[in-house]
Amino acid sequence: MLDKILYADSGTGHTQEMLKVLLDIPAFQHSEITVLHVIPPQSSADTLAQKWEEGGKILSDIVTKVNIDPVKVSTILKQGDPKDIVCQVAQQTDTDLILMGSRGLKGLEAFLENSVSQYVFQLSDRPMLLVNDDIYVRKIKRVMLALDKSESADYALELALYMLKDYREAELYLVRVNPDMKIDLELSTTEMEHNPILAPAASKAKRFGINTKCIVTGGRPGKQICRLVEDKNIDLLLLGSPDRRPSIAKNLVDLDRLLGTSLSDYIRVNANCPILLVRK
């Protein structure tokens, strides 16, 4: 499930630290890593040659700093529009996970600032692990998975179990935010463990020996998930995110969603930890 990782380097943020953290998890230790650096279009041949040389050094430094096994890594240096190149390379390499940084721009701001991560998230059909530039990356010990009745949430559960099944240091928080439930309604531990959405997931996790806790609350899902991330000091959040590409015109950006009307957009901007947005 995680055999091929595309690391799209932007030269900023904490994505290198995130890659190091991932490679400490058994599920990722046999993954093939593609490190991509994109040079934007240049105005002159001399400038292009300089940027090309700098790009090669950046790729070499990443491989050295992250200490990736040379047998498991390949590097790609391309010129073009970064957001288009990332999508193209993800398809060409048939990647299982895109890892990239994010400035955490909101809606219209992301659109006007030509956000690469938002564009890729909009048009790629691959799971994405986004690391906001101002987020501190820690060793993964507390993982939160937000669940609902969607197919993407089911796949997010599969991915979480795959990641954590041989990783005994991790604790998995299964979260259900019911918008129809009163926000101040307190449920007992037993009631939360028997929630019809969380109970089957918890049962599967326990069969893999994964230490699991269940949380059920009410309110607005985006706001409550972000609050729980902070309250529980979560190191990684998994969230099922449906295919975002418009059904009529797959090559055109769906502006309404690009401007941030979805749950995953809200969490992408506001959650205080790295976020793995899962789609199948």
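As a reminder, the structure under discussion sits directly above these lines.
The paragraphs below set out a description of the structure included in this document. This is a predicted model, so every value here is computed, not measured.

**Examining the overall build of the protein**
Moving on, step 1. Along the protein, the regular secondary structure elements total eleven helices and ten strands.
Moving on, step 2. Within the protein, contacts between residues separated by at least 24 positions form 81% of all contacts whose residues are at least 6 apart in sequence.
Moving on, step 3. Just so you have it, the protein exposes about 13,800 Å², and 48% of that area is on carbon and sulfur atoms.

**A few points about the sheet that holds strand β7 (residues 171–178)**
Moving on, step 1. Here ten strands make up an open sheet; going across it, the order is β3-β2-β1-β4-β5-β10-β9-β6-β7-β8 and the pairing mixed. The sheet terminates laterally at β3 (73–79) and β8 (211–218), the two strands that pair on one side only. Averaged over all adjacent pairs, the angle separating strand axes in this sheet is 20 degrees, with direction ignored.
Moving on, step 2. Alignment of strand β1 (residues 4–9) against strand β4 (residues 97–102), held across four bridges, turns out to be parallel. Residue pairing across strands places Y7 opposite L99, the latter belonging to β4.
Moving on, step 3. Of the strands in this sheet, β6 (142–146), β7, β8 and β9 (236–240) are in contact with helix α9 (residues 221–231), which crosses β8 at around 140 degrees.
Moving on, step 4. Docked against the sheet, helix α11 (residues 263–270) engages β4, β5 (128–132), β9 and β10 (275–278), running at close to 165 degrees with respect to β9.

**Re helix α5 (residues 116–123)**
Moving on, step 1. Within α5, seven of the eight residues are buried, which leaves the element mostly enclosed by the surrounding structure.
Moving on, step 2. Buried within α5 are the following residues: S117, Q118, Y119, V120, F121, Q122 and L123.

**Notes on the pairing of β1**
Moving on, step 1. Burial analysis of β1 places five of its six residues in the buried class, the great majority of the element.
Moving on, step 2. Inspection of the sheet shows β1 paired to strand β2 (residues 32–39) by six bridges, in the parallel sense. Bridge pairing links Y7 to V35 in β2.

**Here's the deal with the packing of helix α1 (residues 15–23) against helix α2 (residues 45–66)**
Any two packed helices are characterised by the angle at which their axes cross and by the distance between the axes.
Moving on, step 1. Running from N to C, α1 and α2 cross one another at 40 degrees; their axes reach a closest spacing of 10 Å. Of the possible angle classes, the one that applies to α1 and α2 is oblique. In the crossing of α1 with α2, the sense of the turn from one axis to the other is right-handed. On α2, the residues that touch Q16, L19, K20 and L23 of α1 are I62, K65 and V66.
Moving on, step 2. Of the residues that constitute the contact of α1 with α2, the class distribution is four nonpolar, one polar and two charged.

**Quick word on the side chain of S124**
Moving on, step 1. Tracing the backbone through its elements, the reader meets S124 in the loop between α5 and β5.
Moving on, step 2. A relative accessible area of 4% means that S124 is categorised as buried.
Moving on, step 3. The residues contacting S124, other than those within four sequence positions of it, are I98 and R279.

**Description of the layout of surface pockets**
Moving on, step 1. Roughly 290 Å³ of internal volume is contained in the second largest pocket.
Moving on, step 2. In this structure, the second largest pocket is lined by 20 residues; those nearest its centre are D148, S150, L239, G240 and L263.
Moving on, step 3. When contributions to the lining of the second largest pocket are tallied by element, the ones reaching two or more residues are α6 (151–164), β7, α9, β9 and α11.
Moving on, step 4. Of the residues forming the lining of the second largest pocket, the biggest block, three residues, is contributed by β7.
Moving on, step 5. Residues belonging to the lining of the second largest pocket are distributed by class as follows: ten nonpolar, six polar and four charged.

**A short note on the pattern of salt bridges**
Moving on, step 1. Going through the model one piece at a time under the given rule, you end up with ten salt bridges.
Moving on, step 2. The residue D61 makes a salt bridge to K57 at a minimum N-O spacing of 3.0 Å. Taken together, the positions of D61 and K57, both in helix α2 and four residues apart, correspond to about one turn of that helix.
Moving on, step 3. Under the relative-accessibility criterion, K57 is labelled exposed at 53%.
Moving on, step 4. Its salt-bridge partner being R126, residue D94 comes within 2.9 Å of it at the nearest N-O pair. One end of the pair, D94, is in the loop between α3 (82–92) and β4; the other, R126, is in the loop between α5 and β5, and 32 residues separate them in sequence.
Moving on, step 5. One salt-bridge network, held together by shared partners, links D94, D125 and R126.

Basis of the calculations
Residues numbered from 1 in each chain as written. Predicted model: local features only at pLDDT ≥ 70, side-chain atom pairs only at ≥ 80, totals over all residues. Heavy atoms only, no water. Helix = DSSP H or I, 4+ residues; strand = E, 2+ residues; numbered from the N terminus. Contact = heavy atoms within 4.5 Å. Areas by Shrake-Rupley, 256 points an atom, 1.4 Å probe, with all protein chains shown as cover. Pairing = 2+ DSSP bridges. Axes fitted to C-alpha atoms, helices over the stretch in contact; angles between N-to-C directions. Buried < 20%, exposed > 50% of the residue type's maximum accessible area, 1.4 Å probe, protein only. Parallel < 35°, antiparallel > 145°, perpendicular 65-115°, else oblique. Left-handed = near helix turned anticlockwise from the far one by under 90°. Nonpolar A, V, L, I, M, F, W, Y, C, P; charged D, E, K, R; others polar. 1 Å grid on protein atoms, 1.4 Å probe; cavity = no way out; pocket = protein on both sides within 12 Å on 5 of 7 lines; lining within 4 Å. Points joined across faces, edges and corners; volume = space filled by probe spheres on them. Salt bridge = Lys/Arg side-chain N within 4 Å of Asp/Glu carboxyl O.

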